[in-house]
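Examination of the molecular architecture
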Amino acid sequence: MNNPGIFQPTGGTFEITGNNENGFVYFNTGNYFHNFVVNRGPIAFSYFATNDPVTIQNNFTIENGMFRSGSVAISVQGNAAINSDGVLALDGVGSLLMGDSRSLTINNGGLLELNGTITEQPKISRISSGKYAFNVESGGTIGAVYALFEHMNTNGINIKSGAIVDLSLIHI
């Protein structure tokens, strides 16, 4: 998908599968996904091979495997879910931007990591306006160091009973 404006589906799902160590998607501005699913082996990771912003016009789901943001801004106009055996790692200046009145949910067995530095903080925010729900369900895990969370709804980061806050990323 190296040509702008060539890949613009109005429906369907783009799914990354397989068990090899890494998988990447080349992507340029002007293209977008409708639904995007990561469903890979437990040691496999994937990422966008671009520095351009990426738009997912509907839902972003990580079923299995790890997805790393790199320095990419990922805009999700639907809902985002990290399910059992799924990992979303936002690194450096990578970001996840959510649509108005949508939700980011870390389900049982899912993990959200934000790995920043004092000079490069990954962030979770909104696309342009409004608020979104951010839920860490029972058995879901969140860990962050040098990260920015902003523009959630009135519940903020809703860490539910049985959810896990992973302090191993914290460097004191």
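All of the points below concern the structure found in this document. Counting starts from 1 at the beginning of each chain's written sequence and moves along it residue by residue. Side-chain atom pairs in this predicted model are given and counted only at pLDDT of 80 or more, local residue features only at pLDDT of at least 70, and totals for whole chains, interfaces and linings cover all residues. Values reported for side chains reflect all heavy atoms of the structure, with hydrogen atoms and water molecules removed beforehand.

1. With respect to the overall build of the protein chain
Numbered from the N terminus, helices here are DSSP runs of H or I no shorter than four residues, and strands are runs of E no shorter than two. The number of helices and strands found in the protein chain is 0 helices and 18 strands. Over its C-alpha atoms the protein chain spans a radius of gyration of 15 Å, differing by no more than 12% from the 16 Å that the globule rule assigns to 172 residues. The principal-axis extent of the C-alpha atoms belonging to the protein chain is close to 45 × 40 × 30 Å. Sorting the 172 residues of the protein chain into buried and exposed places 44% on the buried side. Across the protein chain, the fraction of contacts at a sequence separation of at least 24, relative to all contacts at a separation of at least 6, is 51%. The accessible surface values rely on the Shrake-Rupley method and a 1.4 Å probe; as for residues, cover is taken only from the protein chains in view. Surface accessibility of the protein chain: about 8,100 Å² in total, with carbon and sulfur atoms responsible for 49%. For the charge count, each Lys or Arg is scored as positive and each Asp or Glu as negative, with His and the chain ends excluded. In this description, the location of a charge corresponds to atom NZ of lysine, CZ of arginine, CG of aspartate or CD of glutamate. Taken together, the 7 basic and 12 acidic charged side chains of the protein chain have centroids lying 9 Å from each other. Two things to know: the radius of gyration comes from C-alpha atoms, and the globule rule equals 2.2 Å times the number of residues to the power 0.38. Here's how the labels work: a residue is buried when its accessible area is under 20% of the maximum for its type, exposed when over 50%, partly exposed in between, all with a 1.4 Å probe on protein chains only. Whether two residues touch is decided by their heavy atoms; if any such pair falls within 4.5 Å, the residues are in contact.

2. Some points on a nonpolar patch on the surface
A patch is a set of surface residues, each over 30% in relative accessible area and not in a salt bridge, joined within 9 Å for like charges and within 5 Å for the nonpolar side chains Val, Leu, Ile, Met, Phe, Trp and Tyr. What counts as a salt bridge is simple: a side-chain nitrogen of Lys or Arg found within 4 Å of a carboxyl oxygen of Asp or Glu. A cluster of nonpolar residues, Ile-159, Val-165 and Leu-167, forms a patch on the protein surface that exposes about 280 Å² of accessible area. Inspection of the secondary structure puts Leu-167 in the segment after strand S18 (164-165). Here Leu-167 falls in the exposed class, since its relative accessible area comes to 62%.

3. Side note on the sheet that holds strand S13 (residues 123-126)
Should DSSP find at least two bridges between two strands, the strands are regarded as paired. Here we have 5 strands laid out as an open sheet, ordered S5-S7-S10-S13-S16, and parallel in their pairing. Both edges of this open sheet fall to strand S5 (54-56) and strand S16 (148-149), since each of them pairs with a single strand only. With 2 bridges connecting them, S13 and S16 associate as parallel partners. In the sheet register, Ile-124 faces S16, and the bridge partner there is Phe-149.

4. A few points about the pairing of strand S3 (residues 35-40)
It is a general feature of regular strands that their side chains alternate between the two faces of the sheet. With 5 of its 6 residues buried, S3 lies for the most part within the structure. As paired elements, strand S1 (residues 13-18) and S3 share 6 bridges and run parallel to each other. For Gly-18, the partnering residue across the bridge sits in S3 and is Arg-40. Summarising the sheet, S3 and strand S6 (residues 60-68) pair through 4 bridges and their orientation is parallel.

5. Focus: unusual backbone geometry
Here Tyr-146, not a glycine, exhibits a phi torsion of approximately 50°, which is positive. Tracing the chain through its elements places Tyr-146 in the loop between strand S15 (141-145) and S16. Owing to a relative accessible area of 44%, Tyr-146 belongs among the partly exposed residues under this scheme. Phi at His-151 takes a positive value of approximately 65°, unusual for a residue other than glycine. Mapping His-151 onto the fold places it in the loop between S16 and strand S17 (152-159). By relative accessible area, which is 28% here, His-151 ends up partly exposed.

6. Some points on the packing of aromatic side chains
Two rings from Phe, Tyr or Trp (for Trp, the six-membered ring) form a pair when their centres are within 6.5 Å of each other. A pair whose planes differ by under 30 degrees is stacked, one over 60 is edge-to-face, and the rest are tilted. Across all of its chains, the model carries 12 aromatic pairs by this definition. Here Phe-14 and Phe-36 contribute two aromatic rings whose centre-to-centre distance is 5.5 Å and whose plane-to-plane angle is 15°, an arrangement assigned as stacked. Taken together, the positions of Phe-14 in strand S1 and Phe-36 in strand S3 put the pair 22 residues apart, joining distant regions of the chain. Seen in terms of ring centroids, Phe-36 and Phe-48 are 5.3 Å apart; in terms of plane orientation they differ by 50°. Their pairing is tilted. Of the two residues, Phe-36 is situated in strand S3 and Phe-48 in strand S4 (residues 45-49); the sequence distance between them amounts to 12 residues. For Phe-36, a relative accessible area of 0% translates into the label buried. Among the aromatic residues, those joined into a cluster by ring pairs are Phe-7, Phe-14, Phe-33, Phe-36, Phe-48, Phe-60 and Phe-67.

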